[in-house]
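Summary of structural features
Spelled out from the first residue to the last, the chains are:
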Amino acid sequence: MTRAAVLFALLAGVGCAKTAGTGPDQIPDQQIPVKVVAPRTDADLSLSVSQPCYVQAYYQAELMSRAAGPIQYLTKAIGDPIRKGELLVEVYSPDRVADLALKESLIGQAESALRLSEDNVVAAQATVRTADNNVKVEKSTLISAESNEKFRASELKRFKVLAEKGAITADVVDEQNNTYQAALAALASARAGVARSESLQSEAVAKLEAARADVLLKASAVAVAKRERDSSKANLELARLYAPFDGVVNHRYADPGTFVKDASNSAGSPILAVMRTDIVTIHAKLPDNFAPLLGPETVGVIVMDELPGRPIKAKVTRFSQMIDGKDRTLRLELDVFNGPRADFDALVARGVGMELAAAVPSSPLESLTVFAAAKATWAKEMKGRLTEFPQFPGNLSDPADAPAGKLQPGMYGTIRLVFRQLKGAKLLPANVVFSQGGKLLVAVVENGAARLVPVRVQATDGTLTKFVLIEKEADALKGTPEEIRDPKDGEVFVLTNQAELSNGSQVKATPTKW
């Protein structure tokens, strides 16, 4: 080795020893270079998150029979339109048809018995009137008998006076006494006749009441027979399937002649599957850390894999009030109209027309009643609370706001939810939050040193984040609460090299715009 090479090696060793030294002149070289950022509260900042989304029919139902037997009527196939109330399927059920015919004949029988009872009431009323007249006749006879008895008693008294004076013989008095006794007997007979006629009158009245009660009984029998007929008719209707809403057939599982089971008593199989597609529901799952930011004004931008380059936008229609413990998400739904603008305008006009019908009646009470009825009628076609019409999906790439294309149940895509509620909130790049020792932390630069502070992330989309700093953790033993705060204006947070930091590390901070 040459002397020059040895000299170079010695100088290099001295230089390395100086770099590793711990003297005062080496303190500036121990500062860790980091980039720092400050929170922003620009009005244009908004937090968003993208999640998978799916299209499902607004309504969907699998139709099963509640009567066992072979199918005798089924004409709809996949893709055929259906109208609410339209007969779709009928199962052959002769026993139910015969039972309905029997119940119809029983109604006729009960009605005949009712008419007979009503005729009996008319006859009983006539008997009562006859009894009333007989009572009047017997009472008249009684009055005549009472008058005759008094006359004969007075006459007998006069004859007895004449006999005492010797003006008449005793046999004449005996004859008058016999006449008086006959008058007494006639009086007694008249009284008995009145009592008998009154008894017959009471009997006639009682029979009339019985006849009237029999009418009520027979009328009740008619009503029972009609209810039994209605029950048989309802049982027969169980063998028929009607369209529950306007829509389309999306699956057919059987054909005429196929034997189906009673789904109410056994494991029945569906015959048809139908769905409503003039409105569709787009649903997605939102991570729980975004739940506090979700509201009815949240807007979603949706791109379907089957419709690339044709994003649509709509507001969130409804969302669950519970976070699923299995995957820590909540379900949200967006109802959008799935047809041309003209059909949407017709739907809105029909709904508005129902509500405006309340303005026609004259009295406020009648107007309120009609409005409530119209709203209830419209609500039957919607699901959930009736707050607004289904949305017409706006096409972000079409200035004419035309529909983005026919959405079909089963389509898959991505929804980006924009949380406008974050306007004015303090946001930072998501990279300022890091994990250390199983905790989420941020490094706050204070007087040239880093202070590691635990945080609770409230929302993040991977680019931006909103969090609160935990200045003091809760102490359950002492009963002291947790102390948290938002980032302060002018406060700076470390964006890079957090893994090299510990509490009190000296840093060389370089402000970074973002």
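The structure this text deals with has already been given above.
Nothing here was measured: the structure is a model prediction, and the numbers come from that model.

**Focus on the overall build of the chain**
Tallying secondary structure elements over the chain gives five helices and 23 strands in all. Contacts spanning at least 24 positions in sequence make up 75% of the contacts within the chain whose residues lie at least 6 apart. For the chain, the computed accessible surface area is about 29,500 Å², with 56% contributed by carbon and sulfur atoms.

**Quick notes on unusual backbone geometry**
Although it is not a glycine, R328 sits at a positive phi angle of roughly 55 degrees. Of note, the phi angle at N497 is positive, near 60 degrees, even though the residue is not glycine. Relative to the elements of secondary structure, N497 occurs in the loop between β22 (493-494) and β23 (507-511).

**Looking at the pairing of strand β7 (residues 247-252)**
Here two bridges tie strand β4 (residues 81-82) to β7, and the two strands are oriented antiparallel to one another. Within β7, the residue paired with P81 across the bridge is V248. Relative to strand β9 (residues 272-287), β7 runs antiparallel, the two being bridged by four bridges. Opposite V249, over in β9, you have V274 as the bridge partner.

**Digging into the side chain of E90**
Along the chain, E90 falls in strand β5 (residues 87-91). Residue classification places E90 among the buried residues on the basis of a relative accessible area of 17%. Beyond its immediate stretch of four places on either side in the chain, E90 contacts I71, Q72, Y73, A239 and R240.

**Quick word on the pattern of salt bridges**
Following the criterion strictly, the structure yields 28 salt bridges and no others. Salt-bridge contacts for D246 lead to R83; the nearest nitrogen and oxygen are separated by 3.3 Å. Highlighted residues: D246 in the loop between β6 (240-242) and β7 and R83 in the loop between β4 and β5, separated in sequence by 163 residues. On the basis of relative accessible area, D246 is assigned to the partly exposed category, the value being 34%. Overall, the relative accessible area of 56% leaves R83 in the exposed class. Between E104 and R229 there is a salt bridge, with the nearest N and O atoms lying 3.5 Å from each other. Taken together, the positions of E104 in helix α2 (residues 94-164) and R229 in helix α3 (residues 170-237) put the pair 125 residues apart, joining distant regions of the chain. Given the relative accessible area of 35%, E104 is considered partly exposed. In this structure R229 comes out as buried when scored by relative accessible area, which is 16%.

**Comments concerning the environment of Q30**
In this structure, Q30 sits in the loop between α1 (3-19) and β1 (32-37). In the structure, Q30 is positioned 477 residues away from V507 in sequence and 8.3 Å away in space, judged by C-alpha atoms.

**Here's the deal with the packing of α2 against α3**
Relative to each other, α2 and α3 sit at 170 degrees, their axes nearing to 5 Å. Taken as axis vectors, α2 and α3 run roughly antiparallel relative to one another. Crossing handedness for the pair α2 and α3: left-handed.

**Observations concerning the environment of A145**
Summarising the element assignment, A145 is placed in helix α2. Overall, A145 belongs to the buried group, its relative accessible area being 7%. For the pair A145 and A186, spaced 41 residues apart in sequence, the C-alpha to C-alpha distance is 6.0 Å. Residues contacting A145, with those up to four places away along its chain left out, are A186, L187 and A190.

**Notes on the sheet that holds β6**
With respect to topology, four strands assemble into an open sheet ordered β6-β5-β3-β8, the strand pairing being antiparallel. Each edge of the sheet is formed by a strand with only one pairing partner; in this case those strands are β6 and β8 (259-260). Relative to β6, β5 is paired through three bridges, and the arrangement is antiparallel. Bridge pairing links E90 to R240 in β6.

**Some words on the packing of aromatic side chains**
Evaluation of the coordinates by the stated rule reveals four aromatic pairs. Ring pairing ties together the aromatic residues Y58, Y59 and F245, which thus form one cluster. When the ring centre of W514 is taken as origin, the NZ or CZ atom of R40, which lies over that ring, is 4.9 Å away.

Analysis parameters
- Residues numbered from 1 in each chain as written.
- Predicted model: local features only at pLDDT ≥ 70, side-chain atom pairs only at ≥ 80, totals over all residues.
- Heavy atoms only, no water.
- Helix = DSSP H or I, 4+ residues; strand = E, 2+ residues; numbered from the N terminus.
- Contact = heavy atoms within 4.5 Å.
- Areas by Shrake-Rupley, 256 points an atom, 1.4 Å probe, with all protein chains shown as cover.
- Pairing = 2+ DSSP bridges.
- Buried < 20%, exposed > 50% of the residue type's maximum accessible area, 1.4 Å probe, protein only.
- Salt bridge = Lys/Arg side-chain N within 4 Å of Asp/Glu carboxyl O.
- Axes fitted to C-alpha atoms, helices over the stretch in contact; angles between N-to-C directions.
- Parallel < 35°, antiparallel > 145°, perpendicular 65-115°, else oblique.
- Left-handed = near helix turned anticlockwise from the far one by under 90°.
- Phe/Tyr/Trp six-rings, centres within 6.5 Å; stacked < 30°, edge-to-face > 60°.
- Lys NZ or Arg CZ within 6 Å of the ring centre and 35° of its normal.

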